[in-house]
Amino acid sequence: MNDSTVPVSVISLGDPQAMTERRLTILVHASLIEDGAVAFTMRPFRAIFDGSEVMFGSRPRVVKFDNDAALETAIAASLDEILPWRSRNTAPRKVDNATRRGNE
């Protein structure tokens, strides 16, 4: 799944590398829910300077944890939302009703 043009590494919680200059860290917030599903969202984090925090990340997704194809697709879609170099279309996007649900 690593189709990045830059080196990618996996680090553990509390690893000081997350605070290293010139590094982008992807924070993954996930919860296991009933019926073997996982709910998750991703957010980029870069320790540059105060006020540079990204407040929002990818939209939350729910997928069966044991469905590798669906999980890979959901992860790829989340990364597409937060990493500008993965965007296939940089034009403005229409907000669909599923995204607006709860804000009506």
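In this report, the structure presented in the accompanying data block is examined. (Residues numbered from 1 in each chain as written. Predicted model: local features only at pLDDT ≥ 70, side-chain atom pairs only at ≥ 80, totals over all residues. Heavy atoms only, no water.)

## Let's talk about the overall build of the chain
Now for step 1: Helix and strand content of the chain: two helices and three strands.
Now for step 2: Going from N to C terminus, the chain has its helices and strands arranged as β-β-β-α-α.
Now for step 3: Per-residue burial for the chain yields a buried fraction of 18% across its 104 residues.
Now for step 4: Accessible surface, the chain: about 8500 Å² in total, of which carbon and sulfur atoms supply 55%. (Helix = DSSP H or I, 4+ residues; strand = E, 2+ residues; numbered from the N terminus. Buried < 20%, exposed > 50% of the residue type's maximum accessible area, 1.4 Å probe, protein only. Areas by Shrake-Rupley, 256 points an atom, 1.4 Å probe, with all protein chains shown as cover.)

## As for the side chain of S58
Now for step 1: Its place among the elements puts S58 in the loop between β2 (37–45) and β3 (61–64).
Now for step 2: In terms of polar contacts, S58 uses its side chain to reach the side chain of S78, at 3.5 Å.
Now for step 3: In contact with S58, not counting residues within four places along its chain, are T41, M42, S78, E81 and I82. (Polar contact = N/O pair within 3.5 Å; in protein donor to acceptor, adjacent residues only side chain to side chain. Contact = heavy atoms within 4.5 Å.)

## Re the sheet that holds strand β1 (residues 25–33)
Now for step 1: Taken together, three strands build an open sheet; the order of strands is β1-β2-β3 and the sheet is antiparallel. The open sheet has two free edges, formed respectively by β1 and β3, since each of these has just one partner strand. The sheet shows a mean angle of 30 degrees between the axes of neighbouring strands, taken without regard to direction.
Now for step 2: One ladder, built from nine bridges, connects β1 with β2; its direction is antiparallel. When the sheet's bridge partners are listed, S31 is paired in β2 with A39.
Now for step 3: The strands touched by helix α1 (residues 68–82) within the sheet are β1, β2 and β3, with β2 carrying the most contacts at an inclination of about 25 degrees. (Pairing = 2+ DSSP bridges. Axes fitted to C-alpha atoms, helices over the stretch in contact; angles between N-to-C directions.)

## Examining the environment of R46
Now for step 1: Residue placement: R46 occurs in the loop between β2 and β3.
Now for step 2: On a C-alpha basis, the gap between R46 and R23 in space is 6.3 Å, while along the polypeptide they are 23 residues apart.

## As for unusual backbone geometry
Now for step 1: Here the phi dihedral of D35 falls at roughly 65 degrees; this positive angle occurs in a residue that is not glycine.
Now for step 2: Residue position: D35 is located in the loop between β1 and β2.
Now for step 3: A relative accessible area of 59% means that D35 is categorised as exposed.

The quantities given are spatial measurements derived from coordinates; they are silent on function.
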